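# Structural description and commentary
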Amino acid sequence: MTDIALNFEHRHSAHCENGVISNLFRYNGLDISEPMAFGIGSGLFFIHIPFIKVNGIPGTSYRIWPGQIFKRASKRLGVEMYSDTFRNPKKAKEALDASLAKGIPVGLVVSVFYLPYLPEVFRFHFNAHNLVVYGKEGNEYLISDPVMEHVTRIHEDDLMRARYAKGTPEPMGKMYYPTLMPKEINMKKAIVEGIYKTGYDMSHIPIPFFGSKAIRYLASKLKDYPEKVGDRKSILYLGNIIRMQEEIGTGGAGFRFVYAAFLHESGRKLENNWLIDKSKELTKTGDLWRDFAFKAGRVCKNRSADKTSFKDLSDILVECSHQEEKLFFELYSKIKTI
Amino acid sequence: MKKEEVPQDITKLEKGPMNWVNYVTDENGEYTRAISNGWEPENIALEQVWDEVNANVEATRLKVVNGELSPIAYYLEKNLMDIPLLASYVDKWQWQVKRHLKPEVFQSLSEQLLEKYAYVFKISVEELKHNPLLKK
């Protein structure tokens, strides 16, 4: 295969999935920022399911599960996507090379563990990372990984390992790219639909594991950790809550702030001050989350799981929960009237 | 978070520092982006995970040295895997991989299977069999 380097604009992002959406759509003529992709794709969420354990630690997530943001954002913006997985790694490689040869930058789902360009300490078995391949030189692919400040490269063997990582979920060489961009976009409609869905998810799901209720649920579990699971595990569990908040694998620094940035940008676009006010409210909640992470970090550092500090941390979460419930309830009930 | 509050706490972890995009508000309350190269709580949480991993790796290493486990157990920990994950990488059942963790079973593994394990761990068969770290 001859060398190819497409003229792809790489923009550094907070989170991989939003970043790839934003970068790929922009290449195809739809200029959309990372927060817009996150908001229209209804990326913000909260999940705590204690009996689903990830590496022995109760599962917590601050966002919707991987792949959903993409699906929803494309649907709401009217973008048609090609997406496929391959049983045979050889076929996956051929399909990637063929697309590049046609001048199409390709999005891939990969495991973080097999990306040598990432700092070693972030390389866990997280199989739902997204990046864009925009060219090939010899046996190296040219990579635009949104969490990296600049474009980078990867050897074809490493990329193959990353595309065929095992575990849950298995990427199975998944690749995707937009095939048809909409002629006209009703931005307002897309924004409203995105907010409506997140508003519903955060305030109306009648199961305690999802939405703002789940934050309270986590809070109630958290305060009992020292008694129920002992010192060592309490600290490990707490550390995980911070990690999920800030950077799962190479997740996203503060999803609350990304969403607040989305509300802000939407407010400016639609000339709606109410959305700007809601953005400010969420920024405050985001700051409270940061406060929680900061204090939780100190507790982890001391490595002693005393009951009072866990109770205090739990109280902060309860406050976060109330603030988010109120905010998203309001967004849900009023967004369709703007 | 305000722009001027963006933390710049570089982790002590070797090969750790990375630049992250943060969404922050500027002096007029407008949203903008700022680069952070780390934040204390994240660093603590991450260091804690690696302390845990390193402790497991070392404990397993000692068990291999003492002949209680096979080298596969050591590389399993070192690659942050567990038995189900490793089993799917080498196309075996979990009970088979569990057996391979026994030193006496490891001795009798075929060259072909050893190559499979070595490939998964990104090492040579030689290293898998004779890593000086795993000898007395």
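Before reading on, note that the structure itself is shown above.
Predicted model only: the values in this text are computed from it and were never measured.

Moving on to the overall build of chain B. Counting its secondary structure elements, chain B contains seven helices and two strands. For chain B, the sequential pattern of α-helices and β-strands runs β-β-α-α-α-α-α-α-α. Relative to the 2.2 N^0.38 estimate, which gives 14 Å for 136 residues, the radius of gyration of chain B is 21 Å and therefore markedly larger than a compact globule would have. Over its C-alpha atoms, taken along the principal directions, chain B stretches across nearly 70 × 30 × 25 Å. Considering only intrachain contacts with a sequence separation of at least 6, the fraction spanning at least 24 residues in chain B is 47%.

With that settled, the discussion passes to the interface of chain A and chain B. Each partner contributes to the interface: chain A provides 37 residues, whereas chain B provides 29 residues. Taken together, the elements giving at least two residues each to the side of chain A that touches chain B come down to α9 (230-247), α10 (255-269) and α11 (273-302) of chain A. Examining the composition of the side of chain A that touches chain B, we find that 10 residues originate from one element, α11(A), more than from any other. Of the residues in the side of chain A that touches chain B, the class split is 17 nonpolar, 10 polar and 10 charged.

Below, the discussion takes up the nonpolar core. If you look at the biggest cluster of nonpolar residues, it comprises 106 residues, and the most contacted ones within it are Val133(A), Val258(A), Tyr259(A) and Ala296(A). Discounting residues that sit within four places of it in the chain, Ala296(A) has contacts with Leu238(A), Ile241(A), Ile242(A), Leu313(A) and Pro41(B). By size, the runner-up hydrophobic cluster in this structure holds 17 residues, among which are Val64(B), Leu86(B), Tyr89(B) and Leu134(B).

Let's shift gears to the pairing of strand β6 (residues 129-137) of chain A. Residues and elements named next belong to chain A. The element β6 is largely enclosed, with a buried count of seven among its nine residues. Here strand β5 (residues 106-110) runs beside β6; their pairing, made up of five bridges, is antiparallel. The residue of β6 that forms the bridge with Val106 is Val133. Here β6 hands over to strand β7 (residues 140-144) after two residues, with Gly138 in that stretch at a positive phi of 60 degrees.

Residues and elements named next belong to chain B. Of all the eight residues making up helix α2 (residues 71-78), seven are buried; the element is thus mostly covered by neighbouring parts of the structure. All buried positions along α2 are accounted for by Pro71, Ile72, Ala73, Tyr74, Tyr75, Leu76 and Glu77. The inward-facing, buried residues of α2 abut α1 (40-65), α3 (83-89), α4 (94-100), α5 (103-107), α6 (111-121) and α7 (125-130). Just downstream of α2 lies Leu80, where phi reads positive at about 55 degrees.

The next point concerns the packing of helix α6 (residues 187-203) of chain A against helix α12 (residues 307-334) of chain A. Each pair of packed helices can be described by the angle between their axes along with the distance between the axes. All names here are of chain A. Where α6 contacts α12, the two axes come as close as 8 Å, and the packing angle between them is 140 degrees. One element, α6, and the other, α12, form an angle in the oblique class. Pair α6 / α12 crosses with left-handed handedness. Where α6 approaches α12, its residues Ile195, Tyr196, Thr198, Gly199, Tyr200, Met202 and Ser203 are matched on the opposing element by Glu324, Glu325, Phe328, Phe329, Leu331 and Tyr332.

Calculation criteria
Residues numbered from 1 in each chain as written. Chains lettered and ligands numbered in written order. Predicted model: local features only at pLDDT ≥ 70, side-chain atom pairs only at ≥ 80, totals over all residues. Helix = DSSP H or I, 4+ residues; strand = E, 2+ residues; numbered from the N terminus. Rg over C-alpha atoms; globule rule 2.2 N^0.38 Å. Contact = placed C-beta atoms within 7 Å. Nonpolar A, V, L, I, M, F, W, Y, C, P; charged D, E, K, R; others polar. Core = buried A, V, L, I, M, F, W, Y, C linked by C-beta atoms within 7 Å. Buried ≥ 20, exposed ≤ 12 C-beta atoms within 10 Å, placed from the backbone. Pairing = 2+ DSSP bridges. Axes fitted to C-alpha atoms, helices over the stretch in contact; angles between N-to-C directions. Parallel < 35°, antiparallel > 145°, perpendicular 65-115°, else oblique. Left-handed = near helix turned anticlockwise from the far one by under 90°.

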